Amino acid sequence: MDFAWLLQSLLNGLSIGSVYAVFALGYTLVFSILGIINFAHGAVFTLGAYLTYALAVGHFGINGLLADWTMPVTLPFVPALILGALLSGLAGMAVERLAFKPLRKRGADPLLALVSSLGVALIVVNLIQYLVGAEIYSFPADIFGDLPMAVIFKIGGKPVAVRTIQIILFGASLVMLAGLGWFIGRTRGGKALRATAENADTASLLGISVNRFILGTFFISGLLGGLSGTLIGVSFGVAGPYFGVSYGLKGLAVIVLGGLGSIPGAVLGGLVIGLGEAFLPSDMSSYKEAVAFVLLFAILLIRPQGLLGGRLEQKV
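Owing to the predicted nature of the structure, the values given are computational and were not obtained by experimental measurement. (Residues numbered from 1 in each chain as written. Predicted model: local features only at pLDDT ≥ 70, side-chain atom pairs only at ≥ 80, totals over all residues. Heavy atoms only, no water.)

Structural notes on the packing of helix α2 (residues 41-56) against helix α8 (residues 210-236)
Okay, step 1: Relative to each other, α2 and α8 sit at 55°, their axes nearing to 7 Å. Judged by the angle between their axes, α2 and α8 are oblique. Relative to α8, α2 is oriented so that their crossing is right-handed. Listed contacts from α8 to His41, Val44, Phe45, Gly48, Ala49 and Thr52 of α2 are Ser221, Gly222, Gly225, Gly226, Ser228, Gly229, Thr230 and Ile232.
Okay, step 2: A per-class count over the contact of α2 with α8 returns four nonpolar, ten polar and no charged. (Axes fitted to C-alpha atoms, helices over the stretch in contact; angles between N-to-C directions. Helix = DSSP H or I, 4+ residues; strand = E, 2+ residues; numbered from the N terminus. Parallel < 35°, antiparallel > 145°, perpendicular 65-115°, else oblique. Left-handed = near helix turned anticlockwise from the far one by under 90°. Contact = heavy atoms within 4.5 Å. Nonpolar A, V, L, I, M, F, W, Y, C, P; charged D, E, K, R; others polar.)

Dropping the structure here:
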């Protein structure tokens, strides 16, 4: 058995799977509060990557309204990543105000909110394409300054290379997951958020501003989406305005696989899909995008509620 290959695949799977988990948590938080899938989350993912690129690189290509536009001042990568994520959080709040709150105030069918969020997603990605074109943008190889491109060590006499971006992906994702876990489990705001998710009417009677916490949830969701979009963009490139669509579908697969509304389930689902993609044989790499849905189909045949989801009630 090639232990070097196994270790390399494990590291690859953990790094990308942790980013999937962060991205999917944005879906999970909104679903926990409103019971609705926010289809604009993939568009915020895309927006986060472009915002960080603009802040860190500051130059776009030859097409679009901002052709050959250059920012007067650019930021180092880490401040650009943080600012891009915060701006994505504000975009998430705008999605709530535009696509969800008006319908919620009217007591509209939740399906209408889902369709409304899909409409907002299409507006966002088309606006991005109008502004910067459809070219693929890649972050510079020296985006991390003097850090080496990879760390190489030997296992059984065989070299194993760990890309610097993989370490950064995994580390940043762990920080976000730990921070979110601390916020939800240890702070008054997190407890109020859980109470709102459990029963919004009861939470309101207890003095919790439900609308404020719903808006805050969309901010956190957008922040997670923008952060994960940037991390994927740095690792694989920003592949056009619609590159968030495939990751958006993969994020949906993650939350269904882990169990709808389950935060630990979203984390577990992201890691399972990341490892599944990493351990796919190299001669089958063209089928990597199908791994998430094959795993989803297999798990749901055995456990329809997902890996960590609650028991489903039979309705007749």
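Comments concerning the environment of Pro264
Okay, step 1: Mapped onto the secondary structure, Pro264 falls in helix α10 (residues 263-278).
Okay, step 2: Placed 43 residues apart in sequence, Pro264 and Leu307 show a C-alpha to C-alpha distance of 9.7 Å.

A look at the UniProt feature "transmembrane region" (unreviewed entry) in the protein
Okay, step 1: The UniProt entry lists residues 20-40, 47-66, 78-99, 111-131, 167-185, 213-239, 251-273 and 285-302 under the feature "transmembrane region" (unreviewed entry), expressed in the numbering used here.
Okay, step 2: Helix makes up 50% of residues 47-66 and strand 0%, whereas the separation of the span's terminal C-alpha atoms amounts to 15 Å.
Okay, step 3: Split by type, residues 111-131 is 100% helix and 0% strand. Its first and last C-alpha atoms lie 31 Å apart. (UniProt positions renumbered as here; feature names shortened; annotations may be inferred.)

A closer look at helix α3 (residues 77-105)
Since one α-helical turn is 3.6 residues long, residues separated by three or four positions face the same way.
Okay, step 1: The terminal C-alpha atoms of α3, which comprises 29 residues, lie 40 Å apart, in line with the 42 Å expected from a rise of 1.5 Å per residue.
Okay, step 2: Arg97 marks where α3 bends most, by close to 35°.
Okay, step 3: One or two residues past the end of α3 sits Gly107, with phi positive at roughly 70°. (Expected span 1.5 Å × (residues − 1). Bend = angle between axes of the 7 residues up to and from the residue.)

Looking at the layout of surface pockets
Okay, step 1: Estimates place the volume of the largest pocket at around 490 Å³.
Okay, step 2: Those elements giving two or more residues to the lining of the largest pocket turn out to be α1 (3-34), β3 (158-163), α5 (164-186), α8, α9 (243-258) and α10.
Okay, step 3: Residue contributions to the lining of the largest pocket peak at seven residues, all from α1.
Okay, step 4: For the lining of the largest pocket, the residue count by class is ten nonpolar, nine polar and five charged.
Okay, step 5: Put simply, the second largest pocket is a space of about 310 Å³.
Okay, step 6: Lining of the second largest pocket is provided by 19 residues; of these, Leu47, Tyr50, Leu51, Ile128 and Leu131 occupy positions nearest its centre.
Okay, step 7: Taken together, the elements giving at least two residues each to the lining of the second largest pocket come down to α2, α3 and α4 (110-132).
Okay, step 8: Of the residues contributing to the lining of the second largest pocket, the split by class is 19 nonpolar, no polar and no charged. (1 Å grid on protein atoms, 1.4 Å probe; cavity = no way out; pocket = protein on both sides within 12 Å on 5 of 7 lines; lining within 4 Å. Points joined across faces, edges and corners; volume = space filled by probe spheres on them.)

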